[in-house]
Amino acid sequence: MSKTNTLNVNEINIIQKKNLYLLLTVVVIVGLIMLASYITEYNHIEGVLSIPAAASWMASNIWFSSSTLANLGSVMRLLWETILISIVSTTTAAIFAVVFALMGSKLTYINKPLMLAAKIIASISRNIPVVAWALILVISFGTNSMTGFLALFFGSFGFLVRAFVETIDEDSKDSVEALKATGATYWHTIFKAVLPGSMPQMFSWILFMIETNIRSATLVGLLTGTGIGYLFDLYYKQLNYEMVSLITLAIVLAVLVIEAISNIIRREIL
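Here the structure is a predicted model, which means the values were calculated and not measured. (Residues numbered from 1 in each chain as written. Predicted model: local features only at pLDDT ≥ 70, side-chain atom pairs only at ≥ 80, totals over all residues. Heavy atoms only, no water.)

Student: Just checking my understanding: could you explain the pattern of salt bridges for this structure?
Tutor: Two side chains of opposite charge can pair, provided their charged atoms sit close to one another. Using the criterion set out here, one finds three salt bridges in the structure. Linking Arg162 and Glu166 is a salt bridge whose minimum nitrogen-to-oxygen distance equals 3.4 Å. Here the residue Arg162 and the residue Glu166 both occupy positions in helix H8 (residues 145–171), the gap between them amounting to four residues, near one helical turn. On the basis of relative accessibility, which here comes to 46%, the residue Arg162 falls in the partly exposed class. (Salt bridge = Lys/Arg side-chain N within 4 Å of Asp/Glu carboxyl O. Helix = DSSP H or I, 4+ residues; strand = E, 2+ residues; numbered from the N terminus. Buried < 20%, exposed > 50% of the residue type's maximum accessible area, 1.4 Å probe, protein only.)

Put into structure tokens, the structure is as follows:
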């Protein structure tokens, strides 16, 4: 058998294996979907057939009258409050996250116990959902802006520590090794290599977290009785769907505007 024929046979075998793996993956996914449907007693056909009725209901209730538009001022005020809480909680969490990331990174850790402690604290903060943080904190602090701030702070802190650690490990390795070879001190390495090299990517993660927190702040507000989430919950319980539509539209537009601004800034710094 010629070398060309041997290569063709090997290529065919590789393609057949890939197709087999793909088929097995599809079968497993479909099997899991069917199993989940059976356990939860969810009917996919009924779900698909209910879409037209749901779309019709949304279309008939999404319009709002002039009396509803008169409340736009209060909606925008609470939406602005929600945005500010999201920004403040994220930026505050970022400051603490930088410190913990420096302690948790393989390149910049001070000692192993501190490195382990930083990673454990960040992991606990990251793996407790923001909603759970809000429920825990509302018992201690009550329903106020501080509770919303702390819930978003702890949720942001854990995520940012992990993101910052990965950024430092990936972006600063060469410059840190070069400075250490010249006999630079720890703090010279941090301020001359690590932070300058990692800051653009860190800033990008902070912008991403602000976008995420604006969405999360609405849900947190439902639980803490603050911001736009409180107003949404109030009118939803009153079955005032016109106000609910207005609030939802305001949230969506605010998120789109902030995301657009964030993308522009991200392109400039990266």
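Student: How do you make sense of the nonpolar core when you look at a structure like this?
Tutor: Nonpolar side chains in soluble globular proteins tend to end up buried together. Val75, Phe164, Ile228 and Ile247 are the most contacted members of the largest nonpolar core, which totals 44 residues. Those elements giving two or more residues to this core turn out to be helix H5 (72–104), helix H6 (112–127), H8, helix H10 (186–224), helix H11 (227–237) and helix H12 (241–269). When residues of this core are assigned to their parent elements, the largest contribution, 12 residues, is made by H5. Here Phe164 is in contact with Ala94, Ala97, Val98, Ala101, Met202, Trp205 and Ile206, once residues within four sequence places are set aside. Counting residues in each nonpolar core, the second largest holds 11 residues, with Ala151, Leu152, Ala217 and Val220 among its members. (Core = buried A, V, L, I, M, F, W, Y, C linked by side-chain atoms within 4.5 Å. Contact = heavy atoms within 4.5 Å.)

Student: Please explain empty space enclosed by the protein as it appears in this structure.
Tutor: With the rule as written, the count across this model stands at one cavity of 30 Å³ or more. Approximately 70 Å³ is the volume attributed to the largest cavity. The wall of the largest cavity is formed by Thr82, Ile85, Gly148, Leu152, Ala217, Val220, Gly221, Thr226, Gly227 and Ile228. Elements represented by at least two residues in the lining of the largest cavity include exactly H5, H8, H10 and H11. Sorting elements by how many residues they give to the lining of the largest cavity places H10 first, with three residues. (1 Å grid on protein atoms, 1.4 Å probe; cavity = no way out; pocket = protein on both sides within 12 Å on 5 of 7 lines; lining within 4 Å. Points joined across faces, edges and corners; volume = space filled by probe spheres on them.)

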